[in-house]
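Structural characterization, general
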Amino acid sequence: MKKILFLFVAMICVLTANAQLNSNEKAFQNRVKSYLSNEGYRPEIDKDEDISFKKEGILYWISISEEDQGYFYVTFHRMAVDCEDANIYAVRKACNEVTKQYKVGKCYYSEKNQDCGLSVEGFYATAGDFTKYISRYLKILDAMKDELMELYSEYSD
């Protein structure tokens with residue numbers, strides 16, 4: 001009996017961890033994906049249910065979740081820098097400074113992946129509220145990456 005109960009609980013945990021987007025999130029996602037297609041990008045839905053696309057060879061992805069009823073929490077990510085052989089103290093110091101300078105965005109270091117990532121996050125009532133800022137967010141994420149590299153160079157000397 002204990003084995004059956006354990007298997008049942010384990011199965012529920014696995015199913016919950018791999019939950020699909022709800023219908024509202026899916027509709028929001030489809031509108032964002034359509035917008036990106038109309039702008040000339042080739043967005044795809046990845047295995048994590050995020051929208052991913054490339055701009056000039058750089059990978060960007062957008063995560064969507066309906067945190068509060070009526071609002072969607074959207075995180076717009078940009079792959080930044082491989083930090084495998086980097087001075088980690090300088091990386092973390094540069095990330096902190098970039099996050100401080102760009103209040104709308106975050107720079108973070110992942111020990112597990114040994115890289116830095118960049119993101120812009122916010123709450124939006126509609127996909128249109130988010131899409132009107134996509135071009136601005138792309139510029140901010142790119143500027144954050146440039147600033148990260150400049151500061152890292154300064155701090156690692």
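1. A closer look at the environment of Y124
Along the chain, the position of Y124 falls in strand β6 (residues 115-124). The spacing of Y124 and G70 is 54 residues in sequence and 8.5 Å in space, taken between C-alpha atoms. Setting aside chain neighbours within four positions, we find Y124 in contact with F28, G70, Y71, F72, V74, D129, F130, Y133 and Y137. A polar contact is formed between the side chain of Y124 and the side chain of Y137, at a distance of 2.5 Å.

2. With respect to helix α2 (residues 23-38)
The first and last C-alpha atoms of α2 sit 22 Å apart over 16 residues, in line with the 22 Å expected at 1.5 Å per residue. If you check which residues of α2 are buried, you get E25, F28, Q29, V32 and L36. For α2, the arc enclosing every buried residue in end-on projection is 100°, short of the 170-degree limit, so these residues lie on one face. With respect to the buried face of α2, the exposed residues turned more than 90 degrees away are S23, R31 and N38. The backbone nitrogen of N24 lies 2.9 Å from a side-chain oxygen of the residue at the head of α2, namely N22.

The rules behind each value
Residues numbered from 1 in each chain as written. Predicted model: local features only at pLDDT ≥ 70, side-chain atom pairs only at ≥ 80, totals over all residues. Heavy atoms only, no water. Helix = DSSP H or I, 4+ residues; strand = E, 2+ residues; numbered from the N terminus. Contact = heavy atoms within 4.5 Å. Polar contact = N/O pair within 3.5 Å; in protein donor to acceptor, adjacent residues only side chain to side chain. Expected span 1.5 Å × (residues − 1). Buried < 20%, exposed > 50% of the residue type's maximum accessible area, 1.4 Å probe, protein only. Arc of directions from axis to C-beta.

From the geometry alone we can't say anything about function, so treat these as descriptive.
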